[in-house]
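Understanding the architecture of this molecule
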4 protein chains.
Amino acid sequence: MYSFTNDYSEGAHPRILQAMLEANLIQNTGYSLDAHTNHAIELIKEEINCREADIHIIVGGTQTNLITISAALRPYQAVISPSTGHINVHETGAIEATGHKVLSVPAADGKLTPALVQEVLDFHTDEHMVQPKMVYISNSTEIGTQYTKAELEALSRFCRLHDLYLFMDGARMGAALTSPVNDLTLEDIARLTDVFYIGGTKNGALFGEALIITCDRLKPDFRFMIKQRGAMLAKGWLLGIQFEELFRDHLFYDMARHANAMASMLRDALTEQGFSFAYDSMTNQLFPIFSDQIIETLKQHFTFNMDRRIDETHSAIRLVTSWATTEAGVREFVEFIRSL
Amino acid sequence: MYSFTNDYSEGAHPRILQAMLEANLIQNTGYSLDAHTNHAIELIKEEINCREADIHIIVGGTQTNLITISAALRPYQAVISPSTGHINVHETGAIEATGHKVLSVPAADGKLTPALVQEVLDFHTDEHMVQPKMVYISNSTEIGTQYTKAELEALSRFCRLHDLYLFMDGARMGAALTSPVNDLTLEDIARLTDVFYIGGTKNGALFGEALIITCDRLKPDFRFMIKQRGAMLAKGWLLGIQFEELFRDHLFYDMARHANAMASMLRDALTEQGFSFAYDSMTNQLFPIFSDQIIETLKQHFTFNMDRRIDETHSAIRLVTSWATTEAGVREFVEFIRSL
Amino acid sequence: MYSFTNDYSEGAHPRILQAMLEANLIQNTGYSLDAHTNHAIELIKEEINCREADIHIIVGGTQTNLITISAALRPYQAVISPSTGHINVHETGAIEATGHKVLSVPAADGKLTPALVQEVLDFHTDEHMVQPKMVYISNSTEIGTQYTKAELEALSRFCRLHDLYLFMDGARMGAALTSPVNDLTLEDIARLTDVFYIGGTKNGALFGEALIITCDRLKPDFRFMIKQRGAMLAKGWLLGIQFEELFRDHLFYDMARHANAMASMLRDALTEQGFSFAYDSMTNQLFPIFSDQIIETLKQHFTFNMDRRIDETHSAIRLVTSWATTEAGVREFVEFIRSL
Amino acid sequence: MYSFTNDYSEGAHPRILQAMLEANLIQNTGYSLDAHTNHAIELIKEEINCREADIHIIVGGTQTNLITISAALRPYQAVISPSTGHINVHETGAIEATGHKVLSVPAADGKLTPALVQEVLDFHTDEHMVQPKMVYISNSTEIGTQYTKAELEALSRFCRLHDLYLFMDGARMGAALTSPVNDLTLEDIARLTDVFYIGGTKNGALFGEALIITCDRLKPDFRFMIKQRGAMLAKGWLLGIQFEELFRDHLFYDMARHANAMASMLRDALTEQGFSFAYDSMTNQLFPIFSDQIIETLKQHFTFNMDRRIDETHSAIRLVTSWATTEAGVREFVEFIRSL
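Report follows, based on the coordinates.

Reading the values: the criteria
- Residues numbered from 1 in each chain as written.
- Chains lettered and ligands numbered in written order.
- Predicted model: local features only at pLDDT ≥ 70, side-chain atom pairs only at ≥ 80, totals over all residues.
- Heavy atoms only, no water.
- Phe/Tyr/Trp six-rings, centres within 6.5 Å; stacked < 30°, edge-to-face > 60°.
- Buried < 20%, exposed > 50% of the residue type's maximum accessible area, 1.4 Å probe, protein only.
- Helix = DSSP H or I, 4+ residues; strand = E, 2+ residues; numbered from the N terminus.
- Contact = heavy atoms within 4.5 Å.
- Buried area = accessible area lost by both parts, 1.4 Å probe.
- Salt bridge = Lys/Arg side-chain N within 4 Å of Asp/Glu carboxyl O.
- Nonpolar A, V, L, I, M, F, W, Y, C, P; charged D, E, K, R; others polar.
- Polar contact = N/O pair within 3.5 Å; in protein donor to acceptor, adjacent residues only side chain to side chain.
- Pairing = 2+ DSSP bridges.
- Axes fitted to C-alpha atoms, helices over the stretch in contact; angles between N-to-C directions.

1. Observations concerning the packing of aromatic side chains
For the structure shown, the criterion picks out 62 aromatic pairs over all chains. Residues tyrosine 279 of chain A and phenylalanine 287 of chain A carry aromatic rings whose centres are separated by 4.9 Å and whose planes lie at 85° to one another, so their mutual orientation is edge-to-face. Comparing tyrosine 279 of chain A with phenylalanine 287 of chain A, the two get one shared label, buried. Ring centres of phenylalanine 302 of chain D and phenylalanine 336 of chain D lie 6.0 Å apart, and the angle between their planes is 80°; this geometry places the pair in the edge-to-face category. One end of the pair, phenylalanine 302 of chain D, is in strand β11 (residues 302–303); the other, phenylalanine 336 of chain D, is in helix α14 (residues 327–338), with 34 residues separating them in the sequence.

As structure tokens, this is what we get:
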């Protein structure tokens, strides 16, 4: 059964595995202090056009989130997140486990705005309440939406005005940047945020998220934080090698573009057949709404996750495409939809 | 200027201070292992008619909340609270600082119901999300409302069915139990919850909250938790003496009844003059709605806190009465209202 | 049976209780924002001759330690303590519960020196180990010893050179400052440390430790920390009133001097009778060594704690005197010793 | 320059990489719920002869330690470790960051005994101190020593008698089990401990530690703990594939045996030349003592870590061999030693 369950159901792009094989028996310095990692960092610095950034490559997204947030905040400070934010819902309280409240803000499209953040600031007035200090956003978001340059500029200005750190979770950064409606670059994002990351796990690496810190106050002693949270990989060059391949040429973008193209084929077919969507996504996650009856039939042919119930007889499902999604898989789904 | 700011603006009932004076130069065992504390515990056990309870008297409410919740939960477990709950809003993230997420549930009247808790359980389905394990409620609530016996019985049944701990914050327990609409007793509450406390600070003690644990699983090693959080008072008999006085006869109830009577005088006058309230409280906290103009005038004669803006020209304020509120103070306010 | 168990077996100096009684029915602002607290802070600022200090009065010592240390350190930083330090042994892991390692250093006399701290620094070389950032000392120490001015100056110089915070636990500050061998003043201590506190609980207050922060980096948002740890007393003026009395004239010193004088009477008698001591204390804690047989007899007439076994037939016990220790109690002990 | 710095300087055994390549484009369920992981778990259960064990494969050792310890302990409980234990020295306070004290016990050979643990229990008598609840040991230890069956049986009996969890860090389990002086099997270890792990990272896997929980009380909800600490690998089958290869036949043992054989060649040559060792190791870590002059020369030809200074002119260095250490590399070192 073909799976549209997520964008991390397959391993890595063959070039990445090939590079690992070639380096396999060469002795390396451990803990990400090796030449591959240094080279990967150089490539990313060029890509973001920011030589002063501190860059650390970390195995997973939840790790990266909890390390970054707990490194940035003093004990009584809190992070603001859209209610759909990964840190708010899907990390088993990882942020709270480091001692910090996540201030959850309902946002229909999964995105924060200056107005929404302002409301949080207005509510938190004294030492009997947590002190909001960081704004957490995702691009693309957990529901497939993405920030425009104007939106990110407005949010960035607001955060700087109010001395809030702006942190972008880029687990699905590739999907956002290669979406047909995108107008942001990694260079923009490096300029407009204080810290963000570029996701490898969901875009063709075995694992790995490249965390980029541009705000000077967040840089000191960051490796202590990584180590303390158990996130310093002994054979750290494995992370370096993967990001070398992703950014040696355009592999990172090529894979994301493929994922989005596969999603577009699905979206077009669904729209053509008159189905609607729970969220307005131009990236690799789609949330079509089907009757329960159709969903039951779909389940016999494809694997996917349920999103949420829409009404008594309809639900939204989640379809995810990836760098590895085959046109054959997509075509099978499209034909199925057309046959309904 | 007379103050209706809160119910902890004065010291303690003179009988309590007198008892402290009498014991002052007698050598006592420290850390709540003294005879006064033992006696106070006996008096409370009689009052709740539960000999098997474990009882600890702790200086403050935030301490009591954070100790109880962090003692009860495993690291990945969360506590469900009404969005207005003290732990959710007014404790500077104290619960999160012990590592646990507070799952905030909007509830117009500040009270949780089985249906509201069920929604939280339905949403939390697997190990990618926190595991809800405790339900936190307050009686009376932060907005002056209170649980009926039927409501508490329903919630208790639901929690036992779903293996959730039920924890009642009783910082304003006196106000709830002596309210004209109350039908609960401390014995009922001991039977229907797993752990709850009886507030002294807001009902005529200098400080002190008596925590009553009836659930066996929550009892072991509790004094370790109290000590670790810095809440084991060296001269613990000061807590014991205060609760001896509160429960030696009916002082606890008498003081709360007075606070409620003073609030009733205010409520009646406000109703009579046609003012409405933001919340429907029959306890010692009132939330009348006034025009901004009236509020400005009020501020010149009385001290109180703002609650929230109602519309462009009106806000709710909070008036709190206490065991020490004088009839003269109340009459001054009533006359002022009648003169408007 | 007369008790030499500790210096917090009685309540408070009568003047303190009297002041509480007088203020009892006056409405006060809560949370230590009242006039009594402000006045107490002014008195302490004069005493330490440092107008720029931030001062917070907190109920207990463990609270004060855990708040101060967790406010000062980033997550991967550690505090260095003598192995006998209160935070290392007698706080149920309160510091670790805030996330920080206590680096324990054996020190025969309970005191840290630059050389001892240097060894810790030498050992901690990279991000695989915690980063030592604070030095915790007590004066007087848990074994009754105390720092000379020269010792504290040397340690202070060393800490500033190595960018370590120097924190002095002054739960028994009174006993240290009024000891016959003392050459330090509160002004010296304010100048030589970054943060320290003056203990009330063990010197004649019901409770209360006045924390004095002189290092600017430790000042911001400290009230958030106090509140989050459940240590912001609702009726905070109770703390203020007590320190007003302690420092309005010389009550603080007078009470400590009395405790030391009572200890001297015991020490002289013990020395005269040929007993030796486990530690060399000139303050209000004595650690005489007795045969097991004598200890058994002593237990029939006095209450005290055991310290530790010295050899197969001897142990050290701990005798503590206080502001409230009576000459009659001391004389009874002295006569008993002479009768052996 | 040939490196004896550690046993994780190369990638993985070619068979492991080959297996990853073969599975690369097959769609898998994420988060270690895949068939490879299930198969690896079955193979390990056979190896330990314990069908009831719960097994989780986790990326790294520090992660595994902090998850296991924080899952097992209540907030006020502590773990006992030899002072040389990895959790005590080389994890940047990772255990304390989860809230728990590490009780460090000096042990010359890096191993705990019932007598050493008894001393810790004797010292911790009441709720003013942490409660020791877990004993942490490593096999082989951080200084290359290892437990005999008799030693482990004695420690296991003691722990069960005192209701202490016994946790064995097996990051270098392979080296211990294939050492010429070993008399333990994985089946013995599963029977004698409550929880332990089998290290992949330091024995020929890219990464991965297989945690085996035999104590029923430690099993519930363990995946919540893994997820919350950011340790649930999205592409979890990568862990499964590696342990399938390690335990499909005897690859795990073969690789460790090779590492030990290489160490034996070094040990024999050093002994033959009259050099002594700081610790008595029969595994893949050696700690020979050299004059500073020899060390300087060695550094020009080989890479290795310093261990510690022995006297004014001598230090111990650490030489580590691995599954990938070549006989040529070893021979080069041996010849160098013989030429001195």
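2. Observations concerning the environment of leucine 184 of chain B
Residues and elements named next belong to chain B. As for its placement among the helices and strands, leucine 184 is situated in the loop between α8 (173–177) and α9 (186–192). When the C-alpha positions of leucine 184 and serine 32 are compared, they lie 29 Å apart, and in sequence the two are 152 residues distant. Not counting chain neighbours up to four residues away, the residues in contact with leucine 184 comprise Asn139, Tyr147, Thr148, Lys149, Leu152, Leu177 and Ile189.

3. Side note on the interface of chain A and chain C
With 22 residues of chain A in contact, the opposing surface of chain C contributes 22 residues. Here chain A packs against chain C, burying approximately 2000 Å² in sum over the two surfaces, 54% of which is carbon and sulfur. When the buried surface of chain A facing chain C is broken down by residue, Tyr76, Glu127 and Phe224 of chain A rank first, second and third, together holding 34% of it. Across the chain A-chain C interface, the total number found is 2 salt bridges. Arginine 223 of chain A is the partner of glutamate 127 of chain C in a salt bridge, and the nearest nitrogen-oxygen pair spans 2.6 Å. When residues of the side of chain A that touches chain C are traced back to their parent elements, those giving at least two are α3 (61–72) and α10 (222–228) of chain A. When residues of the side of chain A that touches chain C are assigned to their parent elements, the largest contribution, 5 residues, is made by α10 of chain A. Its residues assigned to classes, the side of chain A that touches chain C shows 10 nonpolar, 5 polar and 7 charged.

4. What to know about the interface of chain D and chain A
Of the residues lining the interface, 43 residues belong to chain D; the matching set on chain A comes to 43 residues. Across the chain D/chain A interface, buried area totals approximately 3800 Å², and carbon plus sulfur atoms make up 58% of it. Inspection of the region where chain D meets chain A yields 0 salt bridges. Applying the counting rule to chain D against chain A returns 24 residue pairs in polar contact (both at pLDDT 80 or more). Those elements that place two or more of their residues in the side of chain D that touches chain A are β1 (2–3), α1 (14–23), α3 (61–72), α5 (94–97), α10 (222–228) and α11 (237–248) of chain D. Residue composition of the side of chain D that touches chain A, grouped by class: 23 nonpolar, 15 polar and 5 charged.

5. Some points on the sheet that holds strand β8 (residues 209–213) of chain B
Strand-to-strand pairing in sheets goes through backbone hydrogen bonds, with the strands running parallel or antiparallel. Residue and element names in this part refer to chain B. One open sheet accounts for 7 strands, arranged β2-β8-β7-β6-β5-β3-β4; its pairing is mixed. Each having just a single partner strand, β2 (54–58) and β4 (102–105) make up the two edges of the open sheet. Geometrically, the sheet is characterised by an average inter-axis angle of 20° between neighbouring strands, direction not taken into account. The pairing of strand β5 (residues 131–138) with strand β6 (residues 165–169) spans 5 bridges and is classified as parallel. By the bridge assignment for β6, tyrosine 136 is matched with phenylalanine 167. Relative to the sheet, helix α2 (residues 35–48) contacts β2, β7 (195–199) and β8, its axis offset from that of β2 by approximately 125°.

None of this, on its own, says anything about what the molecule does.
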